[in-house]
Amino acid sequence: QIASTWAVVREGQLQSLQEPNTGLAVTIDIGDAIDIHPRNKQDVGHRLAQWALARTYGKTGVCSGPLYRDCVIEGSRMRLFFDHTGGGLTARGGELKTFVIAGADRRFVPAAARIEGDTVVVESSAVAEPQAVRYAWADNPDGCNLYNRAGLPASPFRTDAW
(Lines give C-alpha, C1' and ligand atoms only; values in the text may rest on other atoms or scores of the structure.)
Protein backbone atom coordinates (compact mmCIF):
# COMPACT_ATOMS: atom_id res chain seq x y z
CA GLN A 1 0.00 0.00 0.00
CA ILE A 2 2.93 2.32 -0.48
CA ALA A 3 3.85 2.68 -4.14
CA SER A 4 0.79 3.17 -6.30
CA THR A 5 0.44 4.96 -9.60
CA TRP A 6 -3.36 5.01 -9.46
CA ALA A 7 -3.37 6.38 -5.90
CA VAL A 8 -1.22 9.30 -7.06
CA VAL A 9 -3.60 9.92 -9.98
CA ARG A 10 -6.59 9.87 -7.59
CA GLU A 11 -4.76 12.30 -5.32
CA GLY A 12 -4.22 14.67 -8.24
CA GLN A 13 -7.92 14.52 -9.06
CA LEU A 14 -8.76 15.25 -5.43
CA GLN A 15 -6.39 18.24 -5.43
CA SER A 16 -8.29 19.70 -8.38
CA LEU A 17 -11.04 20.63 -5.91
CA GLN A 18 -8.83 23.53 -4.83
CA GLU A 19 -9.78 25.21 -8.09
CA PRO A 20 -13.09 27.08 -8.27
CA ASN A 21 -16.09 25.47 -9.94
CA THR A 22 -14.73 21.93 -9.87
CA GLY A 23 -16.31 18.72 -8.66
CA LEU A 24 -15.39 15.13 -7.99
CA ALA A 25 -17.21 11.81 -8.09
CA VAL A 26 -15.46 9.14 -6.05
CA THR A 27 -15.85 5.82 -7.87
CA ILE A 28 -13.46 3.61 -5.91
CA ASP A 29 -16.33 1.21 -5.17
CA ILE A 30 -17.66 0.86 -8.72
CA GLY A 31 -14.43 0.75 -10.70
CA ASP A 32 -12.60 -2.01 -12.47
CA ALA A 33 -9.38 -3.55 -11.18
CA ILE A 34 -7.72 -3.41 -14.60
CA ASP A 35 -9.31 -0.30 -16.11
CA ILE A 36 -9.22 3.10 -14.41
CA HIS A 37 -12.39 4.08 -16.31
CA PRO A 38 -15.43 2.52 -14.62
CA ARG A 39 -17.93 0.80 -16.90
CA ASN A 40 -20.77 1.71 -14.56
CA LYS A 41 -21.43 5.12 -16.10
CA GLN A 42 -24.91 5.51 -14.54
CA ASP A 43 -23.61 5.64 -10.98
CA VAL A 44 -20.73 7.90 -12.05
CA GLY A 45 -23.21 10.26 -13.70
CA HIS A 46 -25.51 10.18 -10.68
CA ARG A 47 -22.65 11.08 -8.34
CA LEU A 48 -21.51 13.92 -10.58
CA ALA A 49 -25.10 15.17 -10.75
CA GLN A 50 -25.33 15.11 -6.94
CA TRP A 51 -22.22 17.31 -6.76
CA ALA A 52 -23.56 19.75 -9.36
CA LEU A 53 -27.02 19.97 -7.81
CA ALA A 54 -25.68 20.62 -4.30
CA ARG A 55 -22.66 22.79 -5.09
CA THR A 56 -23.73 24.69 -8.19
CA TYR A 57 -27.51 24.79 -8.04
CA GLY A 58 -27.96 24.99 -4.25
CA LYS A 59 -30.18 21.93 -3.93
CA THR A 60 -30.26 20.12 -0.63
CA GLY A 61 -28.48 16.81 -0.40
CA VAL A 62 -25.05 15.32 0.03
CA CYS A 63 -22.67 16.14 -2.79
CA SER A 64 -19.89 13.68 -2.00
CA GLY A 65 -18.61 10.87 0.13
CA PRO A 66 -16.25 11.73 2.98
CA LEU A 67 -13.24 13.78 1.92
CA TYR A 68 -10.23 13.91 4.26
CA ARG A 69 -9.78 17.40 5.74
CA ASP A 70 -7.31 17.29 8.62
CA CYS A 71 -5.78 15.18 11.38
CA VAL A 72 -4.40 15.48 14.86
CA ILE A 73 -1.96 13.24 16.69
CA GLU A 74 -3.31 12.06 20.03
CA GLY A 75 -0.44 10.20 21.67
CA SER A 76 -0.15 6.83 19.92
CA ARG A 77 -3.10 7.37 17.59
CA MET A 78 -4.25 9.78 14.93
CA ARG A 79 -7.70 11.29 14.60
CA LEU A 80 -8.90 12.10 11.10
CA PHE A 81 -11.49 14.75 10.22
CA PHE A 82 -13.66 14.77 7.09
CA ASP A 83 -15.91 16.99 5.04
CA HIS A 84 -19.14 15.61 3.55
CA THR A 85 -19.94 13.10 6.29
CA GLY A 86 -23.56 12.96 5.07
CA GLY A 87 -25.20 12.35 8.43
CA GLY A 88 -22.32 10.32 9.82
CA LEU A 89 -19.59 7.91 8.90
CA THR A 90 -20.09 4.19 8.50
CA ALA A 91 -18.02 1.10 7.73
CA ARG A 92 -19.68 -1.12 5.16
CA GLY A 93 -19.36 -4.80 5.91
CA GLY A 94 -17.82 -4.62 9.38
CA GLU A 95 -14.62 -3.08 10.65
CA LEU A 96 -12.81 -0.38 8.69
CA LYS A 97 -10.16 -1.71 6.32
CA THR A 98 -7.24 -0.51 4.18
CA PHE A 99 -5.83 1.95 6.73
CA VAL A 100 -2.07 2.01 7.28
CA ILE A 101 -0.04 4.13 9.69
CA ALA A 102 3.62 5.15 9.96
CA GLY A 103 5.95 6.84 12.38
CA ALA A 104 8.97 9.00 11.66
CA ASP A 105 10.67 6.01 9.98
CA ARG A 106 8.05 6.30 7.18
CA ARG A 107 7.34 2.56 7.28
CA PHE A 108 3.64 1.94 6.91
CA VAL A 109 2.01 -0.95 8.75
CA PRO A 110 -1.61 -2.13 8.78
CA ALA A 111 -3.65 -0.17 11.28
CA ALA A 112 -6.80 -0.58 13.30
CA ALA A 113 -9.33 2.14 12.54
CA ARG A 114 -12.64 2.94 14.18
CA ILE A 115 -15.30 5.56 13.72
CA GLU A 116 -15.89 8.00 16.58
CA GLY A 117 -18.66 10.42 15.65
CA ASP A 118 -17.66 12.16 12.44
CA THR A 119 -13.99 11.23 12.87
CA VAL A 120 -11.86 8.12 12.37
CA VAL A 121 -9.25 7.10 14.94
CA VAL A 122 -6.30 5.09 13.59
CA GLU A 123 -3.60 3.27 15.54
CA SER A 124 -1.25 0.32 15.61
CA SER A 125 0.73 -1.24 18.44
CA ALA A 126 3.70 -1.26 16.02
CA VAL A 127 3.76 2.57 15.82
CA ALA A 128 4.18 4.36 19.15
CA GLU A 129 4.48 7.87 17.71
CA PRO A 130 2.41 8.09 14.53
CA GLN A 131 3.17 10.68 11.87
CA ALA A 132 1.04 9.66 8.88
CA VAL A 133 -2.00 7.66 7.84
CA ARG A 134 -3.09 6.44 4.43
CA TYR A 135 -6.44 5.04 3.38
CA ALA A 136 -7.00 2.81 0.35
CA TRP A 137 -3.58 3.85 -0.95
CA ALA A 138 -3.18 1.21 -3.66
CA ASP A 139 -3.86 0.74 -7.34
CA ASN A 140 -6.87 -1.45 -6.60
CA PRO A 141 -7.53 -1.24 -2.85
CA ASP A 142 -9.47 -4.34 -1.91
CA GLY A 143 -11.99 -3.81 0.85
CA CYS A 144 -11.97 -0.02 1.28
CA ASN A 145 -15.22 0.47 3.14
CA LEU A 146 -15.44 3.96 4.66
CA TYR A 147 -18.70 5.62 3.58
CA ASN A 148 -21.04 8.33 4.75
CA ARG A 149 -24.60 7.49 5.77
CA ALA A 150 -25.79 8.85 2.43
CA GLY A 151 -24.14 5.79 0.87
CA LEU A 152 -21.21 7.51 -0.81
CA PRO A 153 -17.62 6.18 -0.47
CA ALA A 154 -14.71 8.09 1.00
CA SER A 155 -11.97 9.14 -1.35
CA PRO A 156 -8.60 7.41 -0.85
CA PHE A 157 -6.13 9.80 0.78
CA ARG A 158 -2.90 10.24 2.64
CA THR A 159 -2.02 12.64 5.45
CA ASP A 160 1.65 12.78 4.46
CA ALA A 161 3.51 14.23 1.49
CA TRP A 162 6.28 11.61 1.55
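For the structure itself, look to the data block above.
Being a predicted model, the structure only gives us computed values, none of them experimental. (Residues numbered from 1 in each chain as written. Predicted model: local features only at pLDDT ≥ 70, side-chain atom pairs only at ≥ 80, totals over all residues. Heavy atoms only, no water.)

Peer 1: Now, about the overall build of the chain: what can you tell me, with residues and values included?
Peer 2: For the chain, the helix and strand inventory stands at 2 helices and 10 strands. Counted from the first residue to the last, the chain has its helices and strands arranged as α-α-β-β-β-β-β-β-β-β-β-β. Computed over C-alpha atoms, the radius of gyration of the chain comes to 15 Å, within 12% of the 15 Å expected from 2.2 N^0.38 for 162 residues, which places it in the range of a compact globule. Taken over the C-alpha atoms alone, the chain extends approximately 45 × 35 × 35 Å along its principal axes. For the chain, buried positions account for 41% of its 162 residues. (Helix = DSSP H or I, 4+ residues; strand = E, 2+ residues; numbered from the N terminus. Rg over C-alpha atoms; globule rule 2.2 N^0.38 Å. Buried < 20%, exposed > 50% of the residue type's maximum accessible area, 1.4 Å probe, protein only.)

Peer 1: An account of the packing of aromatic side chains is requested, with residue identities and associated values reported.
Peer 2: Under the defined criterion, the tally for this structure stands at 7 aromatic pairs. For the pair Phe-99 and Phe-157, a centre-to-centre distance of 6.5 Å together with 70° between the ring planes defines the contact as edge-to-face. In this pair, Phe-99 is assigned in strand β4 (residues 99–102) and Phe-157 in strand β10 (residues 157–158), connecting sequence segments 58 residues apart. With respect to burial, Phe-99 and Phe-157 carry one shared label: buried. (Phe/Tyr/Trp six-rings, centres within 6.5 Å; stacked < 30°, edge-to-face > 60°.)

Peer 1: Can you lay out the nonpolar core for me, pointing to particular residues and giving the numbers?
Peer 2: Counting 20 residues, the largest nonpolar core has Leu-80, Phe-99, Val-120, Val-122, Tyr-135 and Leu-146 as its most contacted members. Taken together, the elements giving at least two residues each to this core come down to β2 (77–83), β4, β7 (119–123) and β8 (132–135). Residue contributions to this core peak at 3 residues, all from β2. Residues within four places of Leu-80 in sequence aside, it is in contact with Tyr-68, Asp-70, Cys-71, Phe-99, Asp-118, Thr-119, Val-120, Val-122, Val-133, Phe-157 and Thr-159. (Core = buried A, V, L, I, M, F, W, Y, C linked by side-chain atoms within 4.5 Å. Contact = heavy atoms within 4.5 Å.)

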